[in-house]
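In case you want the letters, here they are:
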Amino acid sequence: MDKKDWLILQMVYAEKNITKAAERLYISQPTLTYRLQQIEKEFDIKLFYRGRRGVDFTEQGELLVQYAEDMLKQQKEMEEMLWNSGNEVRGTLRLSVSRTFAFYRLPQILKAFNKKFPKVEFHVNTGVNIDVVQTIYKQDAHIGIVRGDHSWPSKKITITEENIAVLSSQEIDLQELPTMRRISYKTDPTLEMVIDNWWKDNFSMPPTSTMNVDNVEIAKRMVLNGLGYCIAPSIVLEKNDKLHKIYLNDTTGSPIVWKTRILYREELLELAMVREFVHFLQEYHRHYFEE
């Protein structure tokens, strides 16, 4: 078996369907079937059984898939080590990023980093914060970018601290919020708890929620059109947004902030592309907030 066979096993196992796997691998179905038959012949095993819903891997087939995934991972690590031994910063940087950060900040960051280090490629997964943390734990990514407080045993660096604000299309009186239309959105449970705690500290009645949308960007668009207010971190504010904002304070009068952090394993700093990206993120946001 070689790298092509490892990739074939990985894809067929992921898709559980020969046709879909062939499409994703950009090879014909007969070619894929032939390679699978050759693997079975080489090891004298049955990889899987075909059923109505796709393929079901045998125990031996699953062991071989695990071997293929281990070999692909080892080869990737070897390539990173070889590239790191040279003078150029190169390789494929694997990132796992909070959706909100990915939407508002990541594209311009990757563009700027790629301009400085053109031989670095990016493999990016986005998701909710808990998924990002799990990806880093499983070592499926070099660096995670998360928002809020999360348990992480290795290196953790705060790159931004944002205010949380009440956003509205017109000036409002904070004390009148319970009687006003609120636009809620799906977000990280930790952020929801921070906002809910602030509300309970300031009001004895629940908010009047008229909309519950999928994400904060939709909520902001609703607010811009005068359909209500929302409570969100200031990352959503862009230069041309004509929104009124009231920053939230806790019971001691201190601003309530929402942090963005980068998570990684310290030994990965031995890889030049990881080391340079961590440094770049810190410098980027330092200059970003100075502008």
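Above this note sits the structure.
If you're wondering where the values come from, they're calculated on a predicted model, not measured in any experiment.

Asks: What is the right way to look at the packing of helix α2 (residues 18-25) against helix α3 (residues 29-43) in this model?
Replies: A packed helix pair is summarised by two numbers, namely the angle formed by the two axes and the spacing between the axes. Put simply, α2 and α3 touch, their axes get as near as 9 Å, and they point 105° apart. Judged on the interaxial angle alone, α3 and α2 are roughly perpendicular. Along the contact surface, α2 presents I18, T19, A21, A22 and L25, while α3 presents Q29, L32, T33 and L36.

Asks: Any chance you could explain the nonpolar core here in plain terms?
Replies: Side chains of a nonpolar character, in soluble globular proteins, are inclined to be buried together. Residues I143, I262 and F277 are the most contacted members of the largest nonpolar core, which totals 55 residues. The element best represented in this core is helix α10 (residues 272-290), accounting for eight residues. Contact partners of I262, with chain neighbours within four places excluded, come to I143, G144, I145, K155, K156, I157, I159, V278 and L281. Counting residues in each nonpolar core, the second largest holds 20 residues, with M11, I18, L36 and L47 among its members.

Asks: Any chance you could explain empty space enclosed by the protein here in plain terms?
Replies: Left-over empty space is what a probe sized like a water molecule reveals as it rolls over the atoms. Per the counting criterion, the structure on display carries two cavities of 30 Å³ or more. Roughly 30 Å³ of volume is contained in the second largest cavity. In terms of lining residues, the second largest cavity is bounded by R94, L95, S96, H123, N125, T135, D140 and A141. Only β3 (91-98) and β4 (120-127) provide two or more residues apiece to the lining of the second largest cavity. Among the elements that make up the lining of the second largest cavity, the one with the highest residue count is β3 (three residues). Partitioning the lining of the second largest cavity into residue classes produces two nonpolar, four polar and two charged.

Asks: Any chance you could explain the pairing of strand β2 (residues 54-57) here in plain terms?
Replies: Consecutive side chains along a regular strand alternate between the two faces of the sheet. Across four bridges, the pairing between strand β1 (residues 48-51) and β2 is antiparallel. For G51, the partnering residue across the bridge sits in β2 and is G54. A loop of two residues connects β1 with β2, the two strands running antiparallel in sequence.

Asks: Sorry, what's going on with the layout of surface pockets here?
Replies: The computed volume of the largest pocket comes to approximately 1100 Å³. The wall of the largest pocket is formed by 32 residues, among which L72, K73, K76, R94 and D140 lie closest to the centre. Where the lining of the largest pocket is concerned, the elements lending two or more residues are α1 (3-15), α4 (59-84), β3 and β4. Element by element, the count of residues in the lining of the largest pocket is highest for α4, at 11 residues. Counted by class, the lining of the largest pocket contains nine nonpolar, nine polar and 14 charged residues.

Asks: How should α2 be read in this particular structure?
Replies: The periodicity of an α-helix, 3.6 residues per turn, causes residues three or four positions apart to be oriented the same way. Those residues of α2 lying buried are I18, A21 and A22. Across the axial projection of α2, the buried residues extend over an arc of 100°, all falling on one side. Looking at where α2 begins, the residue whose side-chain oxygen comes 3.0 Å from the main-chain nitrogen of T19 is N17. Y26 occupies a position one or two residues after α2 and carries a positive phi of about 60°.

Asks: Would you mind showing me how to read α3 here?
Replies: With 15 residues, α3 should reach 21 Å at 1.5 Å per residue; the first-to-last C-alpha distance of 22 Å fits that figure. Those residues of α3 that fall on the buried side of the exposure criterion are L32, T33, L36, I39 and E40. Along the axis of α3, the buried residues cluster in a sector spanning 120°; they form a single face. When the buried face of α3 is taken as reference, the exposed residues oriented beyond 90 degrees from it are P30 and K41. A positive backbone phi angle near 55° is found at D44, which sits one or two residues after α3.

Asks: Honestly, the packing of aromatic side chains in this entry has me stumped. Any pointers?
Replies: Each aromatic ring pair is described using two quantities: the centre-to-centre distance and the angle formed by the ring planes. Going through the model one piece at a time under the given rule, you end up with 12 aromatic pairs. Ring geometry for W199 against F203: centres 4.4 Å apart, planes inclined by 45°, an arrangement best described as tilted. Through pairs of rings, three or more aromatic residues link up here, namely F113, F117, F122, F277, F280 and Y284. The ring of W199 carries R182 above its face, with NZ or CZ at 5.5 Å from the centroid.

Asks: Which parts of the structure should I look at to understand the packing of α1 against α2?
Replies: In contact at an axis separation of 8 Å, α1 and α2 are set at 130° when each is read in the N-to-C sense. Judged on the interaxial angle alone, α2 and α1 are oblique. The way α1 lies across α2 gives a crossing that is right-handed. Together, L7, I8, M11, V12 and E15 of α1 and I18, K20, A21, R24 and L25 of α2 make up the contact between the two elements. Residues of the contact of α1 with α2, tallied by class, amount to seven nonpolar, no polar and three charged.

Cut-off values and rules
- Residues numbered from 1 in each chain as written.
- Predicted model: local features only at pLDDT ≥ 70, side-chain atom pairs only at ≥ 80, totals over all residues.
- Heavy atoms only, no water.
- Axes fitted to C-alpha atoms, helices over the stretch in contact; angles between N-to-C directions.
- Helix = DSSP H or I, 4+ residues; strand = E, 2+ residues; numbered from the N terminus.
- Parallel < 35°, antiparallel > 145°, perpendicular 65-115°, else oblique.
- Contact = heavy atoms within 4.5 Å.
- Core = buried A, V, L, I, M, F, W, Y, C linked by side-chain atoms within 4.5 Å.
- Buried < 20%, exposed > 50% of the residue type's maximum accessible area, 1.4 Å probe, protein only.
- 1 Å grid on protein atoms, 1.4 Å probe; cavity = no way out; pocket = protein on both sides within 12 Å on 5 of 7 lines; lining within 4 Å.
- Points joined across faces, edges and corners; volume = space filled by probe spheres on them.
- Nonpolar A, V, L, I, M, F, W, Y, C, P; charged D, E, K, R; others polar.
- Pairing = 2+ DSSP bridges.
- Arc of directions from axis to C-beta.
- Polar contact = N/O pair within 3.5 Å; in protein donor to acceptor, adjacent residues only side chain to side chain.
- Expected span 1.5 Å × (residues − 1).
- Phe/Tyr/Trp six-rings, centres within 6.5 Å; stacked < 30°, edge-to-face > 60°.
- Lys NZ or Arg CZ within 6 Å of the ring centre and 35° of its normal.
- Left-handed = near helix turned anticlockwise from the far one by under 90°.

Note that all results are geometric; they support no functional claim without further evidence.
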